[in-house]
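This is what each chain is made of:
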Amino acid sequence: MTNPLERLNPRERTLLFATVAVLALGALFFAGRTVIAAVRGLDDRIADRELEVEQLTQQNAQASAVNAAYASVVKVHSSAFTVAEIHDNLRREVMRLAQVEFPATAEKPARTMYLVRIPALEEGQITQGEGHRDYQIRFQIPVARLEFLLAFLERIEASEQLLRIDNIEIARAPDAAGVQATVEITRTVLDDPEGADATPVGGAQ
């Protein structure tokens, strides 16, 4: 049987070999790109896993501190308090937040500045929730500078006693320099202080 290559003239053979070579190089090129893409994908997955492991390690290392902090909060804001104790603690906290203490300096002695003045803080209402109790009080601020009132409200929101502003009504008489306000705030009292030490991170009751 005659070899087909023998029927080709030298020019046709050269062209055939060149075509085969180009096809082979193209196949190698695309195969190489596929392999490189696969390797890069594996590198990215490895990097993601390494980051995940690092984050889990950090979370595990912080677990004890977080659990201890949660236990501390629960014990301080525990449902073991009676209504009278909750009210007394809240009254003292609100009065503390209503004033700013300035330490003594070389020029001036220690002094206290009142952001607002609260004549009375009547006993509030307590409601039972799931895993907590809410104690709500309502009080009047007869007169205050608006900027001082806003500073007082910011301090309430930042309080460590888990306070929440539920409602505030502000009014000002046309000829008055200050404002009047009626404020409703709630203190959240958490349950189960004894079991707080066993509460896992991310598993609050």
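Sequence order as written defines the numbering, with residues in each chain counted from 1. Only residues with pLDDT of at least 70 are given local features in this predicted model, and only at 80 or more are side-chain atom pairs given and counted; all residues enter the totals for whole chains, interfaces and linings. Side-chain calculation: all heavy atoms of the structure are included, whereas hydrogens and water are not.

### A closer look at the side chain of Asn89
Here is step 1 of the chain: One can find Asn89 in helix α2 (residues 83–97).
Here is step 2 of the chain: For every residue, the accessible area (1.4 Å probe, protein chains only) is compared with the maximum for its type, and the residue is labelled buried under 20%, exposed over 50%, or partly exposed between those bounds. Given the relative accessible area of 17%, Asn89 is considered buried. A run of H or I in DSSP counts as a helix once it spans at least four residues, and a run of E counts as a strand once it spans at least two, with each numbered from the N terminus.

### Section: the packing of aromatic side chains
Here is step 1 of the chain: By convention, a stacked pair of Phe, Tyr or Trp rings (six-membered ring in the case of Trp) has centres within 6.5 Å and planes under 30 degrees apart, an edge-to-face pair has planes over 60 apart, and any other such pair is tilted. By the definition in use, this model includes one aromatic pair.
Here is step 2 of the chain: On the basis of an interplanar angle of 70° and a centroid distance of 6.4 Å, the ring pair of Phe139 and Phe152 is categorised as edge-to-face. Here Phe139 is found in strand β4 (residues 132–144), whereas its partner Phe152 is found in helix α3 (residues 146–157), with 13 residues between them in sequence.
Here is step 3 of the chain: Of note, Arg145 hangs over the ring of Phe148, and the distance from its end group to the ring centre comes to 4.5 Å. To sit over a ring, a charge needs its Lys NZ or Arg CZ within 6 Å of the ring centre and within 35 degrees of the ring normal.

### Brief notes about the packing of α2 against α3
Here is step 1 of the chain: Geometry is summarised by axes, namely lines fitted to C-alpha atoms with helices restricted to the contacting stretch, and by angles between N-to-C directions that run from 0 to 180 degrees. With their axes 9 Å apart at the nearest point, α2 and α3 run at an angle of 135° to one another. Considering the angle they form, α2 stands oblique to α3. Our pair here, α2 against α3, has a crossing hand that is right-handed. Each of Val94, Arg96 and Leu97 in α2 lies in contact with α3, whose residues at this interface are Phe152, Arg155 and Ile156. Small angles under 35 degrees read as roughly parallel and large ones over 145 as roughly antiparallel, with 65 to 115 read as roughly perpendicular and the rest as oblique. Crossings are classed by handedness, with left-handed meaning an anticlockwise turn of the near helix from the far one by less than a right angle and right-handed meaning a clockwise turn. Note on definitions: a residue-residue contact is assigned when non-hydrogen atoms from the two residues lie within 4.5 Å.

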